[in-house]
Amino acid sequence: MKIVIIGAGVAGLSLGWRLAQAGAEVTILERGQPGSGATNASAGMIAVTAELLDAHAVEIEFSRHSNALWPEFAEAVEAGSDRMIGYSRSGALLVASDAAALARLARRGGEAGLEMLDAGQARARAPLVTGPLAGALWSPKEAKVDARALSAALTLAFQRAGGRLLANEAVVRIERRGGRAAIAHTPFGLYHADVFVLAAGAWSGLIEAGLAPITPVKGEMIALAPPKGEKKAIGKLLGPVIWGNGVYAVPRGNNLLIGATVENAGFDTALTDAARDGLRAKAEILMPSLKDWSLVDHWAGLRPRSPDGLPLLGPTALDGLWLAGGQFRNGILFAPAIAESLSAQLMGKAAPIPAFDPRRLRSDGQKK
Ligand SMILES: Cc1cc2nc3c(=O)[nH]c(=O)nc-3n(C[C@H](O)[C@H](O)[C@H](O)COP(=O)(O)OP(=O)(O)OC[C@H]3O[C@@H](n4cnc5c(N)ncnc54)[C@H](O)[C@@H]3O)c2cc1C
C-alpha cells in the first residue's frame, strides 16, 4: 500500500515509522523541517494524570494505554535511530498551596487511586518547591521525554525503516479523482497514493477545512537555567515534573522548562513579554529560588484542537483521506497509541475508536 503522510510532527513520524516497519511504502511531506510544529515546542510531558483530571473516559483510557506503551516505544525509537530521547518515568508532583486546593487534589487523587503527600514529603521529592505548600498529589506513572530529541530520533528511525521524508515540501491541496483523494500538490511536485493521512497539526484545517476541523491554540513557554556554578541546583533538576497553580515545571538537561500559556490567537506565534513574565512569576511563587535563575529560551507553538476537544483518528468522509490530529495538549503522550491504532486501522486490522472517529463531526465541526 502506498501512503502519503502530510506533516512530520510526532503524529506523522510515529505513524509513518510503524507503517514503514509493517512494509507499507510511506512518504512524509513536511512543509518545514521535521518536528518544527507543536512537537518541538512541547514540554515533552507524558502527563497521564495531570492533563487528564477532567477528561472524557475514553480519552483517559486511551492515555493510560499510551502511557503503558511508552517505555517499549521509547526503547524501540532509540534502537531504531541510535539516538537517546531522554525518556524517564520521573513521576509528577501536583502541588497544592492551600487547604482548598489540597482538598480538590485529594478528591481527584482518590478517584485515580493516587497517594497524597504532606508538605515535608512533597519537598523531599521536589526540593526546589519552597513556596507555600499544603501538600501534594504524587503521580508515579507520569513520565517525560525530550521532545526535540524525539522528533530527530523518529525521523531517523522512519528513514532507516525504509520511509521517505521530503522536507520543505508544503502540501497546498489534495486533488480528488473519481470521488476520492488522489494527488497531493506541493509547489514542487505531485504525489499519488492509495491513502493520504493528514497529520499537519494545527494547520490541517488550512488544507482541508471541512474534513479536518482543527484550530490552533497558542502556547508560550520559557526555559530557565540555574546560576553558574550552582551544582546543587542542577542536582535538584533531576526530580519529577512539578504542577502548581496554572504553571508546570519540567526538567530538561540543565534547564527547567516553565509552561505554558493557553490562548486562542489564530496562527500567531509572536512571543510576548506578558507571557514570559507571567510564567516566571507563577513559577517563582512555587519555587522562590528561581528568581536567581536566568532566562535562556522563550518560544511559542500551536496545539491542534478539534471542536469537541477529542482526537481525530481515522478515515474522513472523503475516500482515501485519513486524519491523525486534534491531540490538543497531549500529542506527545498519545503518540505510541496513535501510531498503534492508526496503523492497525490502515492495515484493516482494527476499526476507528468511535469517540475519536473523524466522521462523528459534520463539516461545520458540530456533532452529527
Ligand atoms: C507550549 C506547548 C507545550 C506542550 N506540551 C505538551 C506536553 O508536555 N505533552 C504533550 O503530550 N503534548 C504537549 N503539547 C501538545 C503537543 O505538542 C501536540 O499535541 C503535538 O505535538 C501535535 O503533534 P502533531 O504531529 O499532530 O503536530 P505538529 O507537531 O504541529 O506537526 C505538524 C507538522 O505538519 C507540518 N505542516 C503543516 N502544514 C503543512 C503542509 N501544508 N504541508 C506539509 N506539512 C505541513 C508542520 O510544519 C509540522 O511539522 C504542547 C504543545 C505546546 C504548544
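Residues numbered from 1 in each chain as written. Predicted model: local features only at pLDDT ≥ 70, side-chain atom pairs only at ≥ 80, totals over all residues. Heavy atoms only, no water.

Along the backbone of the protein there are 10 helices and 19 strands. Taking 368 residues into account, the globule formula puts the C-alpha radius of gyration at 21 Å, and the protein, at 21 Å, falls close to it. Judged by the C-alpha coordinates and their principal axes, the protein covers about 65 × 40 × 40 Å. Counting all 368 residues of the protein, 56% fall into the buried class. Look at the contacts in the protein between residues 6 or more apart in sequence, and 72% of them connect residues 24 or more apart. One way to put it: in the protein the 39 positive side-chain charges average out to a point 1 Å from where the 34 negative ones average out. (Helix = DSSP H or I, 4+ residues; strand = E, 2+ residues; numbered from the N terminus. Rg over C-alpha atoms; globule rule 2.2 N^0.38 Å. Buried < 20%, exposed > 50% of the residue type's maximum accessible area, 1.4 Å probe, protein only. Contact = heavy atoms within 4.5 Å. Lys, Arg positive; Asp, Glu negative; His and termini not counted. Charge placed at Lys NZ, Arg CZ, Asp CG, Glu CD.)

Bringing the sheet that holds strand S1 (residues 2-6) into the picture now. If you walk across this open sheet you meet the 6 strands as S8-S2-S1-S12-S19-S18, and the pairing is mixed. Looking at which strands have only one partner, the edges of the open sheet turn out to be strand S8 (164-166) and strand S18 (312-315). When strand polarity is set aside, the average angle formed by the axes of neighbouring strands in this sheet is 20°. When strand S12 (residues 195-198) meets strand S19 (residues 321-325), the two strands line up parallel, connected through 3 bridges. Paired with Leu198 across the strands is Leu323, a residue of S19. Set on the sheet, helix H10 (residues 331-346) makes contact with S12, S18 and S19; between it and S18 the angle comes to about 10°. (Pairing = 2+ DSSP bridges. Axes fitted to C-alpha atoms, helices over the stretch in contact; angles between N-to-C directions.)

A word on the site of the ligand. Taken together, 39 residues form the shell around the ligand, and within it Glu30, Ala38, Thr39, Met45 and Arg329 come nearest. The separation between a nitrogen atom of the ligand and a polar main-chain atom of Ala43 is 3.1 Å. One nitrogen or oxygen atom from the main chain of Ile332 is found 2.9 Å from an oxygen atom belonging to the ligand. Summarising the interface, the protein chains cover 98% of the accessible area of the ligand, which totals 1000 Å² for the free molecule. Mapped by element, the contributors of at least two residues to the shell around the ligand are helix H1 (10-21), helix H2 (38-41), strand S13 (215-225), strand S17 (294-305) and H10. (Near = heavy atom within 4 Å. Polar contact = N/O pair within 3.5 Å; in protein donor to acceptor, adjacent residues only side chain to side chain. Areas by Shrake-Rupley, 256 points an atom, 1.4 Å probe, with all protein chains shown as cover.)

Okay, the packing of helix H3 (residues 57-81) against H10 next. Two elements in contact, H3 and H10, have axes whose closest approach is 7 Å; the angle formed by their N-to-C orientations is 85°. Taken together, the axes of H3 and H10 are roughly perpendicular relative to one another. Contact residues: Glu59, Phe62, Ser63, His65, Ser66, Asn67, Leu69, Trp70 and Phe73 in H3; Ile332, Leu333, Phe334, Ala335, Pro336, Ala337, Ile338 and Glu340 in H10. Among the residues making up the contact of H3 with H10, the classes are represented as 11 nonpolar, 4 polar and 2 charged. (Parallel < 35°, antiparallel > 145°, perpendicular 65-115°, else oblique. Nonpolar A, V, L, I, M, F, W, Y, C, P; charged D, E, K, R; others polar.)

What follows is about the domain arrangement of the protein. Split into domains, the protein comes out as domain 1 (2-84 + 146-213 + 307-360) and domain 2 (92-141 + 216-305). Taken together, the contact between domain 1 and domain 2 spans 28 residues of the former and 25 residues of the latter. Regarding the contact of domain 1 and domain 2, the summed buried area is about 2300 Å², with carbon and sulfur atoms giving 63% of it. Our count for the domain 1 to domain 2 interface comes out at 1 salt bridge. A salt bridge links Arg148 to Asp297, with the shortest nitrogen-to-oxygen separation between them at 4.0 Å. Taken together, the connections running from domain 1 to domain 2 amount to 5 residue pairs in polar contact (both at pLDDT 80 or more). Considered class by class, the residues forming the side of domain 1 that touches domain 2 number 15 nonpolar, 7 polar and 6 charged. (Domains from an automatic or database assignment. Buried area = accessible area lost by both parts, 1.4 Å probe. Salt bridge = Lys/Arg side-chain N within 4 Å of Asp/Glu carboxyl O.)

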